[in-house]
Amino acid sequence: MTSTATTVADLTADTAAATVLSEREQEELIRAHMPLVGHLVRDMLTRIPNHIHRDDLTSAGLHALVTAARGWDPDRGIPFHRFATTRIRGAILDELRSLDWATRSVRTKARATDATRQSLTTTLGRTPTNEELAQALGTTTTDLNQTDNDVQRATVLSLQGFTTTSAEDMVTEPAPGPEDMLLRREQIGYLHHAITSLPDRLQLVITEYFLNERPMADIAADLGVTESRISQLRAEALSLLKDGLHTHLDPDLADTPENPDSIIARRRASYYATIAGNTSMRSRLALTNAHGHTLASTAA
């Protein structure tokens with residue numbers, strides 16, 4: 001059986017073994033990743049009610065970034081970008097929860113009430129009475145009315161109204177704004193050029209399988225190989241596409257080769273350079289219309 005002294009000693013040893021960055025290194029990390037906070041906040045603002053202020057979420061995100069820089073241990077092998085992103089998103093969600101006027105229990109009761117009401121409406125063929133709803137929920141009509149009052153009070157206080165959802169459920173899907181639409185069109189354009197920059201065989205597999213929706217067996221027959229080989233080619237092409245897009249759209253997410261001088265690393269670098277040579281702002285945007293829909297000539 002492990003003694004308390006042993007456990008404490010182990011924890012002390014783990015803490016001592018952790019690599020602690022200097023204040024200067026922490027400050028450099030924070031400065032370099034401040035745009036990440038802005039990106040995550042902008043992404044969240046497109047999916048939440050208009051009365052939520054950017055400054056509130058940005059403040060929470062920056063605080064989380066500072067905390068992440070102080071707590072990051074590079075020896076654990078987790079990239080700081082990923083480590084910080086998780087904590088910043090969590091801080092933003094916590095901030096959204098704090099802005100929700102209704103408690104979690106009220107939201108939970110409201111969701112249960114709505115689900116039960118819908119179920120009874122389907123079963124009875126009509127809207128259930130409060131007595132029927134209360135009986136199905138195992139509560140009283142007084143408690144049921146109190147829950148409705150709590151939700152209505154929260155709706156008035158929130159100005160915009162959170163209905164019966166929690167902070168995580170506030171995310172909606174409104175039409176993207178001009179900036180978001182431009183970014184979306186950029187991404188579609190990069191994807192198209194990344195596909196056309198693939199080696200011929202990989203490009204054929206991606207085009208036939210994903211765009212033309214052909215069975216893997218048919219593609220294998222055309223190329224004179226097995227379905228297993230087509231699966232391997234598809235995996236290789238997807239890996240190239242992922243890293244190619246990350247290299248141009250989000251370099252922090254791109255994999256760094258252990259040996260940049262290896263044949264595989266040089267081939268990948270050549271592929272990334274080919275994408276850059278085959279694309280421009282005009283050519284990327286020319287693939288879609290103002291609404292982000294792929295043009296018929298491109299799809300063909």
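What you see as residue numbers is a count from 1 along each chain, following the sequence as written. Only residues with pLDDT of at least 70 are given local features in this predicted model, and only at 80 or more are side-chain atom pairs given and counted; all residues enter the totals for whole chains, interfaces and linings. Side-chain metrics in this entry use all non-hydrogen atoms of the structure; hydrogen atoms and water are not considered.

1. Quick word on a nonpolar patch on the surface
Note on patches: the residues involved have over 30% relative accessible area and no salt bridge, like charges join within 9 Å, and the nonpolar side chains Val, Leu, Ile, Met, Phe, Trp and Tyr join within 5 Å. Residue burial considers only the protein chains on display, and all accessible areas are found by Shrake-Rupley using a 1.4 Å probe. Here, a salt bridge means any Lys or Arg side-chain nitrogen found within 4 Å of an Asp or Glu carboxyl oxygen. Side chains of F210, L211 and L238 sit close together on the surface and give an oily, nonpolar patch of about 280 Å² of accessible area. Secondary structure counts use DSSP, requiring at least four H or I residues in a row for a helix and at least two E residues in a row for a strand, with both numbered from the N terminus. Mapped onto the elements, L238 comes out in helix α11 (residues 227–249).

2. Section: the confidence of the model for the protein
Caution applies to low-pLDDT parts of the model: their predicted coordinates are not meant to be read in detail. pLDDT is defined as a per-residue confidence score from the predictor, taking values between 0 and 100. Looking at the protein, the pLDDT average stands at 77 and 77% of residues meet or exceed 70. Confidence, read as mean pLDDT per element, is least for helix α1 (residues 4–17) in the protein (42) and greatest for helix α10 (residues 216–223) (91). Note on definitions: a residue-residue contact is assigned when non-hydrogen atoms from the two residues lie within 4.5 Å. Low pLDDT (under 50) marks residues 1–17, which in the prediction has 2 contacts with non-local residues, meaning those over four places away or in another chain. Ignoring residues within four places in sequence, the model shows residues 154–173, a span with pLDDT below 50, making 43 contacts including any to other chains.

3. Looking at the side chain of H33
Here H33 is to be found in helix α2 (residues 23–45). Residue H33 is classed as buried on the basis of its relative accessible area, which comes to 11%. Side-chain atoms alone can form a polar contact between residues adjacent in sequence; in general such a contact is a pair of N or O atoms within 3.5 Å, and within protein one must be able to donate a hydrogen while the other accepts it. Of note is the side chain of H33, whose polar atom sits 2.9 Å from the backbone oxygen of L29. In this view, H33 contacts L65, F80 and H81; residues no more than four positions away in its chain are not counted. Here the term buried applies to any residue with accessible area under 20% of the maximum for its type, exposed to any over 50%, and partly exposed to those in between, with areas from a 1.4 Å probe on protein chains only.

4. Comments concerning the packing of aromatic side chains
Think of it this way: a Phe, Tyr or Trp ring, Trp meaning its six-membered ring, pairs with another when their centres are within 6.5 Å, and the plane angle makes it stacked under 30 degrees, edge-to-face over 60, tilted otherwise. One pass over the structure, following the stated rule, counts 3 aromatic pairs. Where W72 meets F80, the ring centres are 5.4 Å apart and the plane angle is 65°; that geometry is what we call edge-to-face. Neither residue differs from the other here; W72 and F80 are each classed as buried. Ring centres of Y209 and F210 lie 4.9 Å apart, and the angle between their planes is 80°; this geometry places the pair in the edge-to-face category. Given a relative accessible area of 25%, Y209 falls into the partly exposed group. Over the ring of F83 we find R87; its NZ or CZ atom is 3.6 Å from the centre of that ring. Cation over ring: R234 sits above Y209, and NZ or CZ is 4.9 Å from the ring centre. Think of it as a cone above the ring: NZ of Lys or CZ of Arg counts as a charge over the ring if it is within 6 Å of the ring centre and within 35 degrees of the ring normal.

5. Some details on the pattern of salt bridges
Throughout the structure, instances matching the rule amount to 8 salt bridges. Across the salt bridge formed by R76 and D73, the nearest N and O atoms sit 3.8 Å from each other. Taking relative accessible area as the criterion, D73 reaches 10% and is therefore assigned buried. A salt bridge links R214 to E208, with the nearest nitrogen and oxygen atoms 3.1 Å apart.

6. Let's talk about the nonpolar core
Counting 21 residues, the largest nonpolar core has L57, L65, W72, F80, A84, I88 and I92 as its most contacted members. For this core, the elements supplying multiple residues, two or more each, are α2, α3 (54–71) and α4 (80–99). If we ignore the near neighbours within four places in the chain, the residues touching F80 are L29, H33, L65, A68, A69 and W72. Residue types Ala, Val, Leu, Ile, Met, Phe, Trp, Tyr and Cys, when buried and joined through side-chain atoms within 4.5 Å, form a set referred to as a nonpolar core.

7. Some words on α11
Taking 1.5 Å per residue as the helical rise, α11 with its 23 residues ought to reach 33 Å, and the 32 Å between its terminal C-alpha atoms agrees with that figure. Among the residues making up α11, those that are buried are I230, L233, A237, L240, L241, D243, G244 and L245. If you follow the buried residues of α11, they end up packed against α8 (178–196), α9 (200–211), α10 and α12 (263–278). Here the expected span of a helix is defined as 1.5 Å times the quantity of residues minus one.

8. Notes on the packing of α10 against α11
In contact at an axis separation of 8 Å, α10 and α11 are set at 100° when each is read in the N-to-C sense. Taken together, the axis directions place α10 and α11 in an arrangement best described as roughly perpendicular. Together, M216, A217, I219, A220 and L223 of α10 and E227, I230, S231 and R234 of α11 make up the contact between the two elements. Gly is put with the polar residues, along with every residue not named as nonpolar or charged; the nonpolar set is Ala, Val, Leu, Ile, Met, Phe, Trp, Tyr, Cys and Pro, and the charged set is Asp, Glu, Lys and Arg. Among the residues forming the contact of α10 with α11, the class breakdown is 6 nonpolar, 1 polar and 2 charged. Helix axes are fitted to C-alpha atoms over the stretch in contact, other axes to C-alpha atoms as well, and angles between N-to-C directions run from 0 to 180 degrees. Reported orientations rely on four angle classes, namely roughly parallel under 35 degrees, roughly antiparallel over 145, roughly perpendicular from 65 to 115, and oblique for the rest.

9. Let's talk about α2
Spanning 23 residues, α2 covers 32 Å between terminal C-alpha atoms, matching the ideal 33 Å at 1.5 Å per step. The bend at a residue is defined as the angle formed between two axes, one fitted to the seven residues ending at that residue and one fitted to the seven starting there. At H33, α2 is deflected by roughly 40°, the largest bend along its length, and proline P35 occurs up to four residues later in sequence.

10. Topic: unusual backbone geometry
If you check the backbone angles, E213 has positive phi at about 55° while not being a glycine. Inspection of the secondary structure assignment puts E213 in the loop between α9 and α10. Residue classification places E213 among the exposed positions, given a relative accessible area of 66%.

11. Some points on the side chain of T113
Its location among the elements puts T113 in helix α5 (residues 104–124). A residue is classified by how much of its surface remains accessible, and T113, at 6% relative accessible area, is buried. Excluding anything up to four places from it in sequence, T113 contacts L133, L137 and L144.

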